[in-house]
Amino acid sequence: HRIFSSRAAQWIAPAFLSFTFIQFFRTFIHQIIEERQKRVKEYLKLSGMSNLTYFVAWTLSQAFEGLLVSMIITATLRLFGVIQQEECEQVLILFWIYSLCAVQYGLVLTTLFRDSKL
């Protein structure tokens with residue numbers, strides 16, 4: 001049973017996906033840059049934390065958040081009738097892998113920014 005017509009879902013789904021991932025990506029980059037401005041990483045390095053541990057912690061926390069965002073997107077697409085029940089797992093994995101790639105890209109991209117106002 002479809003709640004919305006497939007024509008409306010075909011228009012809304014791409015916009016919803018774009019806005020959801022843009023907000024996820026923007027928030028992540030903003031947090032990293034704000035943390036750099038407060039010099040949190042330097043304090044952690046003085047406490048004995050390595051760079052690898054710092055970036056692994058960010059990656060794991062954002063991987064969990066990306067999984068939640070991917071689950072919400074997949075459930076919404078299923079609700080709109082854009083994807084079938086059998087495709088939900090593949091779509092969820094696809095979006096989660098995309099969010100993991102976006103996190104790694106964001107870590108690289110944060111080196112270009114000095115101010116946290118995006």
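As a reminder, the structure under discussion sits directly above these lines.
Let me begin by describing the structure that accompanies this report. Just so it is clear, the structure is predicted and the values come from calculations on it, not from any experiment.

Time to look at the packing of helix α3 (residues 51-80) against helix α4 (residues 88-109). As a packed pair, α3 and α4 sit with axes 8 Å apart at the nearest point and diverge in direction by 145°. The crossing of α3 and α4 is right-handed. Counting all contacts with α3, which are made through Phe-55, Thr-59, Gln-62, Ala-63, Gly-66, Leu-67, Ser-70, Met-71, Ile-73, Thr-74, Leu-77 and Arg-78, the residues of α4 involved are Cys-88, Val-91, Leu-92, Phe-95, Trp-96, Ser-99, Leu-100, Val-103, Gln-104 and Leu-107. Class assignment for the residues of the contact of α3 with α4 results in 14 nonpolar, seven polar and one charged.

A few words now on the nonpolar core. Phe-21, Phe-28, Ile-73, Leu-77 and Phe-95 are the most contacted members of the largest nonpolar core, which has 18 residues in total. Put simply, the parts of the chain that give this core at least two residues each are α1 (6-37), α3 and α4. Once you skip the residues sitting within four places of it in the chain, Ile-73 turns out to touch Phe-16, Leu-17, Thr-20, Phe-21 and Phe-95.

A few words now on the packing of aromatic side chains. Applying the stated criterion across every chain yields a total of three aromatic pairs. Aromatic side chains Phe-28 and Trp-58 sit 5.7 Å apart centroid to centroid with 65° between the ring planes, which places their arrangement in the edge-to-face category. Of this pair, Phe-28 sits in helix α1 while Trp-58 is found in helix α3, placing the two residues 30 residues apart along the sequence. For the pair Phe-28 and Trp-58, one class covers both residues: buried. Between the aromatic rings of Tyr-54 and Phe-55, the centroid separation amounts to 5.1 Å while the plane-to-plane angle is 75°, which identifies the pairing as edge-to-face. On the accessibility criterion, Phe-55 (32% relative accessible area) is partly exposed.

Rules used throughout
Residues numbered from 1 in each chain as written. Predicted model: local features only at pLDDT ≥ 70, side-chain atom pairs only at ≥ 80, totals over all residues. Heavy atoms only, no water. Axes fitted to C-alpha atoms, helices over the stretch in contact; angles between N-to-C directions. Helix = DSSP H or I, 4+ residues; strand = E, 2+ residues; numbered from the N terminus. Left-handed = near helix turned anticlockwise from the far one by under 90°. Contact = heavy atoms within 4.5 Å. Nonpolar A, V, L, I, M, F, W, Y, C, P; charged D, E, K, R; others polar. Core = buried A, V, L, I, M, F, W, Y, C linked by side-chain atoms within 4.5 Å. Buried < 20%, exposed > 50% of the residue type's maximum accessible area, 1.4 Å probe, protein only. Phe/Tyr/Trp six-rings, centres within 6.5 Å; stacked < 30°, edge-to-face > 60°.

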